[in-house]
Amino acid sequence: MDFALTDEQELLLESVREFCDRYFTDDVVKEMYENGGMPDEIAAAYRDAGFGLMGIPEEYGGIPADKVTLGLMIEELYHSAGCMHILYQNSLSMFDIMEFGTEEQKQQAVDHYMETGWPIASLSISEPGAGSDNGSMTCVAKKQADGTYKLSGQKTWVTMGEKLPYTIVVAKDEDPSRENRNMSLWYIPMDTPGVSTASLHKIGQQCIPFCEVYFDDVVVTEEQRMGKPGEGFMMLMKNFEVERSFIVAEQVGLAQAALEDAAKYANQRIAFGKPITKLQMIQEKLCDMEIKVQNTRNMLYKTLWKLDNGESVQLDSAMLKRYGCSECFQVADMALSIYAGLGYTTEVRIGRIWADLRGNMFGGGTHEVMAYIAGRQVAKKYAN
Amino acid sequence: MKIVVSFKVVPDDQDIQVSGDGSLDYAKAHQIVSTYDLNAMEAAAQLAAANEGSEVVGITVGGKKIDDSKTKKNVLARGIDQLYMTADDACADLDAGATAAALAELVAKVGEYDLIICGDGSADNYAQQVDVQLAAKLGLPVVNGATKIEAGDGVVTVVRTLEDVVETVEVPLPAVVSVAPDVALPRIPGMKDILAAGKKPMNVFAAEGTFANSIEVVDCKAPKQADRKLEIIDAADDGAIEKFAAAIKAAL
Amino acid sequence: MKAFVLAEHSDAAQELCAGARTMADEVVLVAIADMEVPAAVADKVLHVALPEGAVVDDAADTVIAAFDAEQPGVVLVEPTRHMKVVAGKVAAHAGASIIPDVIEFDGDVATDMYFGGVGMKKQKATGVAFYGVGAGVFAEAAASGANATEELAWVAPAKAIKLVSSVPVEKSGVDLNKADVVVAAGRGFGAEEDLQMARDLCDKVGGGLGCSRPLTEGVNWLPTEVYVGVSGLMLSPKVYIAAGISGQMQHMVGCNRATTLFAINKDKNAPIFKQCDYGLVGDIKTVLPALVAVL
């Protein structure tokens, strides 16, 4: 086993730190949370440094990268920035387009990205009545006599839905009933007649705005379909496993930042005539926080390593998401305990990180559904 | 044009520890390219980009341990085409004159060149002298404080931002120009640059000559903190502003 | 022993000549171009007239000829960019290196900063000593001498640099090196217009406005010449008021020789509160106007 990073990985991490130090200054981060977004300048700089092209195929100007390297990059992006920005989540819809899109869709997505620094599309997956329970989805596309399709339904938690020009919608083919498992992906410009949105307000991760998207008899054509008919959800599922791992990479990065903040504060904070790091209750907290971060990190990179080696991570990614997201949230929670009253103010960033990390316990699949996915597999694994 | 850019590898000052007796401990410090030399590299890379067919050669001298694969790739990921390095303990801890002598020996191996660019000053000594000493050793004209460099026919036109004036000068080539940090914002190397760096030529040499310092270091310790009163008050406390103002008035 | 003084400004020439007097029996001031030579500071003044279109730096060959003729044992240099080139070339000629930015002398041992103040390096020259010396180091010394002036014959450089233009930099007016009171603004100032609060405080206390690096690099709210810290101004005023400055070492080395150091910062854990005489924990936006009102 080799836990050492290559020169190239270390240099990449140095670049990421340089990038975050330069662009995610305290003032900028504060503004991002107040205004719900991120300056275009950062998106452009991220593109220029080539970070957003990592993992995109070379023929589209991308840079080949294994999943472990991507994970390292993401962890550092969030660790150094100290905030839950949009940058990595941006890549997820790009990955879907690269994998399932038509030649034209792929080229358009890359051109748009190179021009603006922003991805071209959001992902419209969850519905008010169907989150992890995707069978209950009711959004449906029905074929019309003229060969076009009419798309109807409502999507929610659509990250960046109001900012990006396109959205990728998963909808059932023809029949919205629970029994119908056939779904397709549709690539839809947000300015298509019948598409409308409503903002939602978050209690954390405010710089990654999400919204509801309504589709009212939206006319779409066969050319707008991504990938094969009927396999839409299967396609997304495949990328869910990677997405879950990368969410944990964000989570570890921010938990590490929380741990560092709390340890630094505990070294300075004097109570009963000495720094509180001399108190055993605080020492225990710091120790447990470090264990949680290190454990999650080990599990994360093992999962990514398996992905790189073509092994199935259906079980690993679900366990990782469940365990990692909640352990990292607990790290932030313990950091908040160390800060106590001060941590509950906006004077320091720990409260913000706390709220940010709580969100990742359901984004990308809830804590409970992860147990549902993993539990069945564990039972099966030891059945004989 | 062929542009040589000189840089120094130094311990990262963030990692330098102060021992109990005030001496400096570099054991935990990893080595980095001296900060302002990154601006020099960027200036060289931008000048090369502005003049088609240009090549940028990075040069450095230092102790044996600067011959480190990550350090070399780091430099070559920043718009530098190839690297010349003298990594020899005979080149460790040199003063400006001795550094220039070691660099001059290395520059001879690079062959023909048009321009040597140096940074504003090294993170450790910040003497701002290697540029001048190197030019003197090579018999070249030199200017410092450059905030803009443009290539002309056998000359570079340099804008120098000095203390009292902004000078525009024409320097005949070959020449040495040292740049102020404002000259260019260092790039953030992306993975493409980093991957390409490992494939670029890295020419590492041992020192041929010996390089004697003319400055003897007697002692180097962390500074003692001045004794300060450390009376800290919270502005929200009653009469805090008045108390602070009174202290200022008393000190005036 | 004989001392050479290489300076570009009258006040620096005055102070370095005074310092040279403490080190040498004979003080020789080299005055290049149109520097106004202070009265009665040196035994000898060697004047170098610049030919039309020449840069100050190219006076080096002329100074080297004078150096060979006079054979000084110590050379004091004003640390400006021009003088660094001239003196550097003379040092290279003498097989020496300059000990730069000396902040203290103890006999022939000179102290300067290492890694921007992480360490203090005490050094000695093995041959002719070349020292770069900033303002204030010889503030206590007195200059004297008859100023016997000699004109040096121009020695043309092998490859001359051509001066195309020279445009004066607009100065803020106050020379912070000479100011008794300095107010310095740092990153705590979120907007350029907030600097007015610092200027108001300057008016009240009769001080000059300086800053930490972030306000000159990148945002350009203040000119580089008022930046206090590593590679900028090294001050020793009576009163230094740091507002919205966290107290990074790179800044503190430029002000920690102040007689009394005041700090205002909203972060009570800012390192500056461990290095000041009086600290006020509060947001500059509310504290500065309140302070101006009661001063």
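Calculation criteria
Residues numbered from 1 in each chain as written. Chains lettered and ligands numbered in written order. Predicted model: local features only at pLDDT ≥ 70, side-chain atom pairs only at ≥ 80, totals over all residues. UniProt positions renumbered as here; feature names shortened; annotations may be inferred. Domains from an automatic or database assignment. Contact = placed C-beta atoms within 7 Å. Nonpolar A, V, L, I, M, F, W, Y, C, P; charged D, E, K, R; others polar. Helix = DSSP H or I, 4+ residues; strand = E, 2+ residues; numbered from the N terminus. Expected span 1.5 Å × (residues − 1). Buried ≥ 20, exposed ≤ 12 C-beta atoms within 10 Å, placed from the backbone. Pairing = 2+ DSSP bridges. Core = buried A, V, L, I, M, F, W, Y, C linked by C-beta atoms within 7 Å.

- Going by an unreviewed UniProt entry, chain C carries the name Electron transfer flavoprotein subunit alpha and comes from Slackia isoflavoniconvertens.
- UniProt lists a comment for chain C under the heading Sequence similarities (unreviewed entry), and it reads "Belongs to the ETF alpha-subunit/FixB family."
- Listed in UniProt under the heading Subunit (unreviewed entry), the comment for chain C reads: "Heterodimer of an alpha and a beta subunit."

- An unreviewed UniProt entry lists chain A under the name Acyl-CoA dehydrogenase, with Slackia isoflavoniconvertens as the source organism.
- Under the heading Sequence similarities (unreviewed entry), UniProt records this for chain A: "Belongs to the acyl-CoA dehydrogenase family."
- For the record of chain A, the UniProt heading Cofactor (unreviewed entry) holds the text "FAD".

**Section: the domain arrangement of chain A**
Residues and elements named next belong to chain A.
At step 1: Domain assignment breaks chain A into domain 1 (7-116), domain 2 (121-230) and domain 3 (233-381).
At step 2: Look at where the C-alpha atoms of domain 2 and domain 3 centre, and you get two points 31 Å apart.
At step 3: Listed as interface residues are 10 residues of domain 2 and, on the opposing side, 10 residues of domain 3.
At step 4: For the side of domain 2 that touches domain 3, the residue count by class is 5 nonpolar, 5 polar and no charged.

**Comments concerning helix α4 (residues 67-81) of chain A**
Residues and elements named next belong to chain A.
At step 1: Between its first and last C-alpha atoms α4 spans 21 Å; for 15 residues at 1.5 Å apiece the expected length is 21 Å, and the two agree.
At step 2: A large share of α4 lies buried, amounting to 14 of its 15 residues.
At step 3: Just beyond α4, the residue with positive phi is Gly-82, at close to 65°.

**Quick word on the UniProt feature "domain: Electron transfer flavoprotein alpha/beta-subunit N-terminal" (unreviewed entry) in chain C**
At step 1: Within this numbering scheme, the UniProt entry marks residues 5-150 of chain C as carrying the feature "domain: Electron transfer flavoprotein alpha/beta-subunit N-terminal" (unreviewed entry).
At step 2: End C-alpha to end C-alpha, residues 5-150 of chain C measures 15 Å, and it is 26% helix and 33% strand.

**Some remarks on the UniProt feature "domain: Acyl-CoA dehydrogenase/oxidase N-terminal" (unreviewed entry) in chain A**
At step 1: According to UniProt, the "domain: Acyl-CoA dehydrogenase/oxidase N-terminal" (unreviewed entry) feature falls on residues 6-109 of chain A.
At step 2: Across residues 6-109 of chain A, helical content stands at 69% and strand content at 0%; the span's end C-alpha atoms are separated by 31 Å.

**Points about the environment of Ala-145 of chain A**
At step 1: With respect to the helices and strands, the residue Ala-145 of chain A is situated in the loop between β2 (140-143) and β3 (149-159).
At step 2: C-alpha separation for the pair Ala-145 of chain A and Lys-163 of chain A, spaced 18 residues apart in sequence, amounts to 34 Å.

**What to know about the interface of chain C and chain B**
At step 1: Each partner contributes to the interface: chain C provides 69 residues, whereas chain B provides 65 residues.
At step 2: Broken down by element, the residue count for the side of chain C that touches chain B peaks at 9 residues, all from helix α3 (residues 81-93) of chain C.
At step 3: For the side of chain C that touches chain B, the class distribution of residues is 37 nonpolar, 20 polar and 12 charged.
At step 4: Of the strand pairs in this sheet, strand β11 (residues 165-172) of chain B and strand β11 (residues 162-168) of chain C are connected by 6 bridges, and their pairing is antiparallel. Along β11 of chain C, the bridge assignment pairs Glu-170 of chain B with Lys-162 of chain C.

**Quick word on the nonpolar core**
At step 1: Ranked by internal contacts, the top residues of the largest apolar core, which has 306 residues, are Val-177 of chain B together with Val-5, Val-30 and Ala-184 of chain C.
At step 2: Top contributing element to this core by residue count: helix α7 (residues 232-268) of chain A, with 17 residues.
At step 3: In this structure Ala-184 of chain C touches Gly-210, Cys-211, Ser-212, Val-228, Tyr-240, Ile-241, Ala-242, Ala-243, Ile-245 and Cys-255 of chain C, once residues within four positions along its chain are discounted.

**Overview of the environment of Ala-383 of chain A**
Residues and elements named next belong to chain A.
At step 1: Counting through the fold element by element, Ala-383 comes out in the segment after α11 (367-381).
At step 2: When the 6 C-beta atoms within 10 Å are taken as the criterion, Ala-383 is described as exposed.
At step 3: Taking the C-alpha atoms as reference points, Ala-383 and Gly-62, separated by 321 residues in sequence, lie 44 Å from one another.

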